[in-house]
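Working through the structure, step by step
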Amino acid sequence: MSALTLEEKCRLLGGASTWRTHAIPRLGIPAIKMSDGPNGARGESLGANRTPGLNIPTSIVIGASWDVGLAQELGQLLGREARRKSAHVVLAPAVNLHRTPIGGRTFEYLSEDPELSARLASAIVRGVQSNDVSPTVKHFAGNDTEIDRMTVDAQIDELTLREFYLRPFEATVLDTGAWGVMSSYNKLNGEHAANNIELLRHILRDDWGFDGFVVSDWFGAHDTAGSIEAGLDVPMPGPSTVYGRHLLAAVREGRVSEVRVDERVEALLLLIERTQAHERPASSAEQTVDDANEREVVRRAAAAGAVLVRNERGTLPLVPGSVRSIAVLGPNARVTRTQGGGSSSLQSIETVSLLKGLAERYGEDVMRYRRGVSIDKLAPIIDDETLRTPEGARGWRVEYYDRDDVSGDPRRVDTTLQSALTYFGAAPPGVDPFDFTVVVTGDYLPTVDGTHDVSLVLTGMGSLRVNGETVVNDPQGLLPRGREYFGFGSEEQLHGIPMKKGVPVRIEARMRTRAGFSALRIGIRSPEDPNEFSDAVALAEESGTAIVVVGTNDEWETEGHDRDTIVLPGRQDELVSRVAKVAKRTIVVVNAGAPVAMPWLEEVDAVLIGFFGGMEMSRAIADVLSGERDPGGRLPIVYPRRLEDSPAMRDYAPVNGVQKYTEGEWFGWRGQARAGVEPLIPFGHGLSYGDSAWGAPRVV
Ligand code: BGC
């Protein structure tokens, strides 16, 4: 500490780039690298080029497991993955409570119950720290809605705050000695969390004795003196938003005392020591490891958190060999969702769809598939055989240029299979990460004749050309903003383009960005098959046994905005009801990260909720359906019959920027039980296989 100059101290705290702090080589102080969680460690990415990694089940699955030992194992995996991504800090666990069932990040949080969340969060933290990796328990605190999340003022009375919303954070500090916490975007009782003295100083450090480091949520710090005073160690991302030169000026002008700066530097040095950062350079290459034992843990976890909510007449397990024909239906059978949208989303190592997982178990010959309905919110992204680069390879060509100069050779050319590209302050060497142009080109091979919708969403300035014709032109980034990409994305621009089967269509999207976060997404929707729905129902009737895989996806459930409803998107409810009428046996698998309404619950034979269960979800669900494993999950949140039954919905949206928690502690199942409102499925419910009976009680 004494060897550091004031300039160096301020620089150290300022954050160097999107995921890193500054190093001070003169004193051997290494940079710290952070990586997103909680369902894995994402590592750094450039567009669609991401380092694949373990995709562990989303937090709600861990919540549903009620299994502290398992949570610790998953925490260990998370820590190990963080190390492989050369990170010292993993931005997890996420422990806000499910105040309502429609919070955009419900899948990312453990439970609506403070105590369950507390125990599981502590176990995850223990697991992460056992790898000399620091967690950041997030988002501290009151970040329970995505509506206006950067500015909303969550007004929570002290009892509700301390005994409920703060409880998981408190447990990780008191029980496990958590090394890191992330302050949330929102205001809590009038002050932004990142400069909230009551929260960061009085409660966290004074009351709980926290000695770790506090990082702000990305772009969530606004006040230099206020944050230092409150005890925020590192505002992120860098280059420095409120510390660095701003902090230096504040000290020089006497607005901040150097003693406060020293306290923060001390916390950062302790983090460096705890995570052994001097031995693990932040610049090491990221690694992908696909390990059979780790897959097994993730698979076991997905089954442990799968909730069997209904099983009439022993429909399940459905033993392989006992049926000759199974109709597999529904939008999420072929595109099974293992994670939700937003910063937690990562590139998983190999993962299979439920269709494939079931085929592995029951045999290809037994199964036939129809989608039945589509639930795409935006035109689907294209990542299959139907795309070629101009050079004839599979996928898209992605070119990078510095600033807006696209005249010469690109600075870098990539090929990617995915048409959704995100940039968290990253750019190839020689390209300014805060000012570059990306050009994405591909030839789409239509599989049917007819008008296809080609779509573009972008955060920057740009255009879309189809067969040389400009269909979107927004050189100044003036398109109205929609909900995508945390609200920074434009509204989806859709254009109907007549296409002929097999005749390639050249698509070229271009974007210039000058922001620390940017994204571009191209979608193509082929004409709908008018018989899709009726074919699915007919197949169910013919097969006798139907497995209908319903759910949402990472566009319906994502960080950045809440859902509007718990009703399943598209005609899924109708599909289930119709199938239930004609099939002898209807088994529904729900692949959604949060509660959904199930108006057909009583009509079907079995319902298994798999949530967003991580990369081994499909095989785990096949394990459970076939009876290889017991469905271990019990609901960590009540499933209301109707959204309005959820107690916090009475005061749900902020008024004039203020979100009052008028229901106090009576949210979720507590509030419903108190008001005598019957749930669709109660908190804690979940069946196992086997029979049980109540006997006479005995004191042992
Ligand atoms: C999220 C955090 C995340 C951070 C960095 C924010 O948008 O709220 O949970 O860790 O971005 O990606």
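So, here is what we can say about the structure in this document. Sequence order sets the numbering: in each chain, residues are counted from 1 along the sequence as written. pLDDT decides what is reported in this predicted model: residues at 70 or higher carry local features, side-chain atom pairs at 80 or more are listed and counted, and totals for whole chains, interfaces and linings draw on all residues regardless. Only hydrogens and water are set aside; all other atoms, that is, all heavy atoms of the structure, feed into the side-chain values.

1. Points about the overall build of the protein chain
The condition is simple: The secondary structure listing takes helices from DSSP runs of H or I that are at least 4 residues long and strands from runs of E that are at least 2 residues long, numbered from the N terminus. For this measure, only C-alpha atoms enter the radius of gyration; the expected value for a globule follows 2.2 Å times N^0.38, where N is the number of residues. A 1.4 Å probe rolled over the protein chains alone gives each residue an accessible area, and that area as a share of the maximum for its type sets the label: buried under 20%, exposed over 50%, partly exposed in between. Any two residues having at least one pair of non-hydrogen atoms within 4.5 Å are treated as being in contact.
For the protein chain, the count of helices and strands is 17 helices and 29 strands. For 700 residues, the compact-globule estimate of 2.2 N^0.38 gives 27 Å, and the C-alpha radius of gyration of the protein chain, at 25 Å, lies within 12% of that figure. For the protein chain, the C-alpha atoms occupy an extent of roughly 80 × 80 × 50 Å along the three principal directions. Counting all 700 residues of the protein chain, 62% fall into the buried class. Look at the contacts in the protein chain between residues 6 or more apart in sequence, and 78% of them connect residues 24 or more apart.

2. As for the sheet that holds strand β26 (residues 545-551)
Which entries qualify depends on this criterion: Think of it this way: DSSP has to see at least two bridges between two strands before they count as a pair. Whenever a helix is involved, its axis is fitted only over the stretch in contact; in every case the axis is a line through C-alpha atoms, and angles between N-to-C directions fall within 0 to 180 degrees.
Taken in spatial order, the six strands of this open sheet run β12-β28-β27-β26-β13-β14, and their pairing is mixed. Either end of the sheet is taken by a strand with one partner, and the two such strands are β12 (307-311) and β14 (367-370). Strand-to-strand twist across the sheet, computed as the mean angle between neighbouring axes with direction ignored, equals 15°. Relative to β26, strand β13 (residues 326-329) runs parallel, the two sharing four bridges. Across the sheet, the residue bridging to Ala327 is Ala546, located in β26. Along the sheet face, helix α13 (residues 354-362) touches β13, β14, β26 and β27 (585-591) and points at about 170° away from the line of β14.

3. Some words on the site of the ligand
Our working rule: Here a residue is near a molecule or strand as soon as one of its heavy atoms is found within 4 Å of it. Whenever a nitrogen or oxygen atom comes within 3.5 Å of another N or O atom, the pair is scored as a polar contact, on the condition that within protein one atom can donate a hydrogen and the other can accept it, and that pairs from neighbouring residues in sequence are kept only if both atoms are in side chains.
Close to the ligand lie 13 residues, the nearest being Asp36, Arg105, His139, Asp217 and Glu559. Asp217 places a polar side-chain atom, nitrogen or oxygen, 2.6 Å from an oxygen atom of the ligand.

4. Quick look at the side chain of Thr459
Among the structural elements, Thr459 can be located in the loop between β20 (450-458) and β21 (461-466). From its side chain, Thr459 meets the backbone nitrogen of Ala519 in a polar contact 2.9 Å long. Excluding residues within four positions of it along the chain, Thr459 makes contact with Arg481, Tyr485, Phe488, Gly489, Met511, Phe517, Ser518 and Ala519.

5. Things to note about the pattern of salt bridges
Heads up, the condition is: Every case where a carboxyl oxygen of Asp or Glu lies within 4 Å of a side-chain nitrogen of Lys or Arg is listed as a salt bridge.
Using the criterion set out here, one finds 68 salt bridges in the structure. The residue Glu263 makes a salt bridge to Arg201 at a minimum N-O spacing of 3.5 Å. Placement of the pair is Glu263 in helix α10 (residues 258-274) and Arg201 in helix α7 (residues 197-207), with a sequence separation of 62 residues. Judged by its relative accessible area of 29%, Glu263 is partly exposed. Overall, the relative accessible area of 14% leaves Arg201 in the buried class. We note a salt bridge from Asp290 to Arg295, for which the minimum N-O separation is 2.9 Å. Judged by relative accessible area, Asp290 falls into the partly exposed class, the value being 46%. Through salt bridges with shared partners, a single network forms among Arg201, Arg205, Glu229, Asp233, Arg260, Glu263 and Arg264.

6. Re the nonpolar core
As a reminder of what qualifies: What is meant by a nonpolar core is a set of buried Ala, Val, Leu, Ile, Met, Phe, Trp, Tyr and Cys residues, joined one to another through side-chain atoms within 4.5 Å.
Ranked by internal contacts, the top residues of the largest apolar core, which has 99 residues, are Met34, Phe140, Leu204 and Trp218. The greatest single-element share of this core, amounting to seven residues, is contributed by helix α4 (residues 114-129). When near neighbours in sequence (up to four residues on either side) are disregarded, Leu204 contacts Phe140, Val173, Val181, Leu199, Gly209, Phe210 and Val214. The next biggest cluster of nonpolar side chains, apart from the first, holds 38 residues, and it includes Ala536, Val576, Ala580 and Ile681.

7. Thoughts on the packing of aromatic side chains
Heads up, the rule is: What counts as a ring pair is set by centres within 6.5 Å for rings of Phe, Tyr and Trp (its six-membered ring), and what kind of pair is set by the plane angle: stacked under 30 degrees, edge-to-face over 60, tilted for all other angles.
Tallying each qualifying case throughout the model produces 16 aromatic pairs. Centroid distance Phe140 to Trp208: 5.9 Å. Interplanar angle 50°. Geometry classified as tilted. Of this pair, Phe140 sits in strand β6 (residues 137-140) while Trp208 sits in the loop between α7 and β11 (213-216); the two residues are 68 residues apart in sequence, bridging distant segments of the chain. Accessibility expressed as a relative area gives 0% for Phe140, which makes it buried.

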